[in-house]
Amino acid sequence: MCAAVLTANVLVQFPFTPFGLEDYLTYGAFTYPVTFLINDLTNRRLGVQRTRLVIYVGFALAVLLSVLFATPRIALASGSAFLVAQLMDATVFNRLRRRAWWMPPAMAGFVSSAIDTVVFFSLAFAGTGLPWTSWALCDYAVKLAMILVFLGPYKALIARMPMWQQPATA
């Protein structure tokens, strides 16, 4: 979790230049969605209480490392967005856990990605003169696409590990 957040925090500082998309995307858009997959797999396997513990530890380590490898503003924005969005993801996932296998990760991802995007981009880039609103909209679109892409690996992992079908008791 920490590695995924740190990688995204470093890469969000670099506009995605292929195909002339530098005004629309940063490289962080492609790495951060991995955190939602990690969160959902942890929730499926260990339950919501242990997932929250992973979120708190991931938050503390990611902020600390981000201060070293990214700007303080990025670290603050990332930590704030991460904590709120990941906790929301865990809560929504947990409420939907008994539904069809795809519903908890998809719905939790859609909601928490929206929260993460709004909080992160407004705190990280508002007032900088950078095209952060277009970055935010495109970042959210990439997150939605990645949520759908990650349903395949999610299904494959839970199908190969039957013990992940029920949360562990705390």
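Residues numbered from 1 in each chain as written. Predicted model: local features only at pLDDT ≥ 70, side-chain atom pairs only at ≥ 80, totals over all residues. Heavy atoms only, no water.

1. Section: the overall build of the protein
- Assigned secondary structure in the protein consists of 6 helices and 0 strands.
- Along its sequence from the N terminus, the protein presents helices and strands in the succession α-α-α-α-α-α.
- Relative to the 2.2 N^0.38 estimate, which gives 15 Å for 170 residues, the radius of gyration of the protein is 16 Å and therefore close to what a compact globule would have.
- Each principal axis of the C-alpha atoms in the protein carries an extent, and together these give about 50 × 30 × 20 Å. (Helix = DSSP H or I, 4+ residues; strand = E, 2+ residues; numbered from the N terminus. Rg over C-alpha atoms; globule rule 2.2 N^0.38 Å.)

2. Section: the packing of helix α3 (residues 48-69) against helix α4 (residues 72-96)
- Taken N-terminus to C-terminus, the directions of α3 and α4 make an angle of 170°; their axes are 9 Å apart at the nearest point. Classed by the angle they form, the pair α3 and α4 counts as roughly antiparallel. From α3, V48, T51, R52, I55, Y56, G58, F59, V63, S66 and V67 reach across to α4, where they touch A75, G79, S80, F82, L83, Q86, L87, A90, T91 and N94. (Axes fitted to C-alpha atoms, helices over the stretch in contact; angles between N-to-C directions. Parallel < 35°, antiparallel > 145°, perpendicular 65-115°, else oblique. Contact = heavy atoms within 4.5 Å.)

3. Focus on the packing of aromatic side chains
- Tallied over the full model, the rule gives 9 aromatic pairs.
- A centroid spacing of 5.6 Å and a plane angle of 85° characterise the contact between Y32 and F36, whose relative ring orientation is edge-to-face. Both residues of the pair, Y32 and F36, count as buried.
- Centroid distance W101 to Y154: 6.5 Å. Interplanar angle 20°. Geometry classified as stacked. (Phe/Tyr/Trp six-rings, centres within 6.5 Å; stacked < 30°, edge-to-face > 60°. Buried < 20%, exposed > 50% of the residue type's maximum accessible area, 1.4 Å probe, protein only.)

4. Considerations on the confidence of the model for the protein
- Averaged over the protein, the pLDDT score is 87; the fraction of residues at 70 or greater is 94%.
- At the level of individual helices and strands, the protein shows its lowest average pLDDT in helix α1 (residues 2-11), which scores 82, and its highest in helix α5 (residues 103-125), which scores 95. (pLDDT = per-residue confidence, 0-100.)

5. What about the pattern of salt bridges?
- Following the criterion strictly, the structure yields 2 salt bridges and no others.
- Salt-bridge contacts for D116 lead to K143; the nearest nitrogen and oxygen are separated by 2.6 Å. With D116 in helix α5 and K143 in helix α6 (residues 132-160), this pair connects stretches of sequence that are 27 residues apart.
- On the basis of relative accessible area, D116 is assigned to the buried category, the value being 5%.
- Its relative accessible area of 2% is what places K143 among the buried residues.
- One network of salt bridges, in which partners are shared, links D116, D139 and K143. (Salt bridge = Lys/Arg side-chain N within 4 Å of Asp/Glu carboxyl O.)

6. Focus: empty space enclosed by the protein
- A full pass over the atoms with the stated rule returns 2 cavities of 30 Å³ or more.
- Of the volumes computed, that of the largest cavity is approximately 130 Å³.
- Along the walls of the largest cavity sit 14 residues, with A8, N9, Y32, D116 and F120 positioned nearest its centre.
- For the lining of the largest cavity, the elements supplying multiple residues, two or more each, are α1, α4, α5 and α6.
- Here the lining of the largest cavity is composed, by residue class, of 8 nonpolar, 3 polar and 3 charged.
- If you trace the second largest cavity, you find it lined by P33, F36, L37, D40, D89, P105, G109, M146, I147, F150 and Y154.
- For the lining of the second largest cavity, the secondary structure elements donating two or more residues are α2 (34-46), α5 and α6.
- The dominant element in the lining of the second largest cavity, judged by the number of residues it contributes, is α6, at 4 residues. (1 Å grid on protein atoms, 1.4 Å probe; cavity = no way out; pocket = protein on both sides within 12 Å on 5 of 7 lines; lining within 4 Å. Points joined across faces, edges and corners; volume = space filled by probe spheres on them. Nonpolar A, V, L, I, M, F, W, Y, C, P; charged D, E, K, R; others polar.)

7. A word on a nonpolar patch on the surface
- Together, L53, V57 and L61 give the surface a local cluster of nonpolar side chains, amounting to about 270 Å² of exposed area.
- Among the secondary structure elements, L53 is positioned in helix α3.
- L53 gets classed as exposed once you look at its relative accessible area, which sits at 54%. (Patch = residues over 30% accessible without salt bridge, like charges linked within 9 Å, V, L, I, M, F, W, Y side chains within 5 Å. Areas by Shrake-Rupley, 256 points an atom, 1.4 Å probe, with all protein chains shown as cover.)

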